[in-house]
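Spelled out, the chains give:
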Amino acid sequence: MTNGNGNHRGFWKTRLGFVLAAAGSAVGLGSVWKFPYITGQNGGGAFVLLYLACALGVGIPIMLAEFTIGRKTNLNPVGALQTLRPGSWWVVIGYMGVLAGLLILSYYCVVGGWTVAYIVKSLNHSLDRFANPREAGGYFASFIADPLEMIFYHAVFMALTVAVVFKGVHGGIEKACDVMMPGLAVILCVLMVRSLTLPGAMEGVKFYLYPDFGKITAKSVLMAMGQAFFTLSLGMGAMITYGSYLSEKENLTSSTVYVVGFTLLISLLAGLVIFPAVSFAKLEPTEGPSLVFSVLPIVFSRMPLPTLVSTVFFVLLLIAALTSSISLLEVVAAYFIDQLKWKRKKAVSVMGAVIFLLGIPSALSFGVMKDARFMGMTFFEFVDNLAANYLLPLGGALTAIFVGWVWGTKEAQKEVERHETQFHFVEIWAFLIRFVAPVAVAAIFLAKLF
Ligand code: PFF
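Residues numbered from 1 in each chain as written. Predicted model: local features only at pLDDT ≥ 70, side-chain atom pairs only at ≥ 80, totals over all residues. Heavy atoms only, no water.

Asks: Help me understand the packing of helix α5 (residues 92–123) against helix α7 (residues 147–166), please; the structure alone is not making it clear to me.
Replies: When two helices pack together, their arrangement is given by the angle between the helix axes and the distance between those axes. Remark: α5 packs on α7, axes separated minimally by 7 Å, with the N-to-C direction vectors making an angle of 105 degrees. Between α5 and α7, the interaxial angle falls into the category roughly perpendicular. Contacts between α5 and α7 involve L105, S106, Y108, C109, V110, G112, G113, W114, V116, A117, V120 and K121 on the former and, on the latter, E149, M150, Y153, H154, V156, F157, M158 and L160. When its residues are assigned to classes, the contact of α5 with α7 shows 14 nonpolar, 4 polar and 2 charged. (Axes fitted to C-alpha atoms, helices over the stretch in contact; angles between N-to-C directions. Helix = DSSP H or I, 4+ residues; strand = E, 2+ residues; numbered from the N terminus. Parallel < 35°, antiparallel > 145°, perpendicular 65-115°, else oblique. Contact = heavy atoms within 4.5 Å. Nonpolar A, V, L, I, M, F, W, Y, C, P; charged D, E, K, R; others polar.)

Okay, here's the thing in structure tokens:
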């Protein structure tokens, strides 16, 4: 299909296809793996509230802004900003997005690899022989310390991502999301019921839902904001790119609300699975990146048909991770395809290989490189912190300033209303995008600094 800019791009087939794909990008390891572990590290309930405030007050307006830029221009983020303000430096938002995509994908594939490995380990019954909860944690720790297994599964996950993006985002994604989304919601509900009925579960629920603001530091506020950008795939142009494949008939405002609503639902459910099981097993919620993988086998082993349940769960999580990783690679690839005129296959395979190599130190960060420090963090933590807590919020704040003050909320409103009769709540949105989003990001950065 050819768009107004004269280049060939596919479009989502159906309205639902677009919402599902955008939700597919948002829902992933960020909700199921990262949200529980950073909530655990940052004191529980109060962190959850901060995260929700950032997602609703800053995430929703920026997502709508990204969709609007994408649909207006039908271009990748770099091309989109060049088109809207030719010759200006705003295009830097696009370049920062490509860089953030590259960095995030490099360690995302490592964790994606863990899910592939846990499918294999479920099927060969390695996960259902633990005598006590501590053994499950120990098993995971020795798995992620093994350099060969880590690099192997990292490569497998990257290969899967490359294979899908090779074909372009449309073919596989819409279908994969059709099955994954409801599937993931259902299995998380089932696991939640099991977790909540374990002895001692209520202590975990209390930790998760009862806010203790005494535990909040400038660092946790920064992480809550970073997590809002990370889970909603904002601040690096992924939603500009997905919006660029959108035909004119979509309702952007309601699509935004569906995507954010579904992502928050999955995140909150994941917490309700993990924390009751943490207190049941008398584990520490502060355990870090291994939390979810150490705790889940405990839940599975107390259910009927544990092998089946854990296999289905990790397959769904793998699909969720893939529908996110393809959006990360797509942002990087779309830049090389649209701007540098590379062929899709070349862009995807070359960048896939580069990102795989960049991810190797992250893959080794739990074993041979676990004592190497980069500004006091492991390589894995360093890249995650740089991309999720700094690059994404910065990219998001610049997008908000661009739309709010440079391109203008009136122009954005026109685009939103191109097919919608009316953009309800436009004043509230304009206020959030012009003032709240940039000021919140700046204030949080400053608070962290001093
Ligand atoms: N939102 C994804 C997740 O939570 O797993 C990660 C992600 C995808 C972040 C795409 C940023 C992005 F552009």
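Right, picking up where we left off after that structure.
Asks: In this structure, what is going on with the site of the ligand? I would like to understand it.
Replies: With respect to spatial proximity, 15 residues lie near the ligand, and among them A26, G30, Y108, F230 and S233 are the closest. Contacts to the ligand include L29, whose backbone N or O atom sits 3.1 Å from an oxygen atom. The cavity where the ligand resides is the largest cavity. Mapped by element, the contributors of at least two residues to the shell around the ligand are α1 (15–26), α2 (29–41), α10 (218–231) and α14 (306–338). Considered class by class, the residues forming the shell around the ligand number 7 nonpolar, 8 polar and no charged. (Near = heavy atom within 4 Å. Polar contact = N/O pair within 3.5 Å; in protein donor to acceptor, adjacent residues only side chain to side chain. 1 Å grid on protein atoms, 1.4 Å probe; cavity = no way out; pocket = protein on both sides within 12 Å on 5 of 7 lines; lining within 4 Å. Sits in = over half its atoms within 2 Å of the grid points.)

Asks: Whenever I open this one, the confidence of the model for the chain confuses me. Can you help?
Replies: The predicted structure's coordinates, where accompanied by low pLDDT, should not be read in detail. Mean pLDDT over the chain works out to 93, with 96% of the residues at or above the 70 mark. The model gives residues 1–7 a pLDDT under 50, and that stretch makes 13 contacts with residues more than four places away or in other chains. (pLDDT = per-residue confidence, 0-100.)

Asks: Looking at this structure, how should I read the environment of S233?
Replies: Tracing the backbone through its elements, the reader meets S233 in the loop between α10 and α11 (238–244). Overall, S233 belongs to the buried group, its relative accessible area being 10%. Sequence separation between S233 and F431 is 198 residues; the distance between their C-alpha atoms is 22 Å. Every residue in contact with S233, bar those within four places of it in the chain, is listed here: S25, A26, E66, A238 and M239. (Buried < 20%, exposed > 50% of the residue type's maximum accessible area, 1.4 Å probe, protein only.)

Asks: Sorry, what's going on with the nonpolar core here?
Replies: Nonpolar side chains in soluble globular proteins tend to end up buried together. Residues W114, L184, L191, F313, F314 and W429 are the most contacted members of the largest nonpolar core, which totals 165 residues. If we ignore the near neighbours within four places in the chain, the residues touching L184 are V27, V32, I266, L316, L317 and A320. (Core = buried A, V, L, I, M, F, W, Y, C linked by side-chain atoms within 4.5 Å.)

Asks: Even after reading the chapter, I still don't get empty space enclosed by the protein, so can you show me in this structure?
Replies: The rolling of a water-molecule-sized probe over the atoms marks out the regions of remaining empty space. Taken as a whole, this structure holds 3 cavities of 30 Å³ or more when the rule is applied. Considered as a void within the structure, the largest cavity measures approximately 130 Å³ in volume. Forming the walls of the largest cavity are 15 residues, and the residues nearest its centre are S25, I104, F230, S233 and L328. Only α1, α5, α10 and α14 provide two or more residues apiece to the lining of the largest cavity. (Points joined across faces, edges and corners; volume = space filled by probe spheres on them.)

Asks: Just checking my understanding: could you explain the packing of aromatic side chains for this structure?
Replies: The final tally for this structure, using the stated rule, is 39 aromatic pairs. Pairing F35 with Y51 gives two aromatic rings, centres 5.1 Å apart and planes at 40 degrees, and the pair type is tilted. Here Y51 lies in helix α3 (residues 45–73) and F35 lies in helix α2, a separation of 16 residues in the sequence. Each member of the pair, F35 together with Y51, is buried. (Phe/Tyr/Trp six-rings, centres within 6.5 Å; stacked < 30°, edge-to-face > 60°.)

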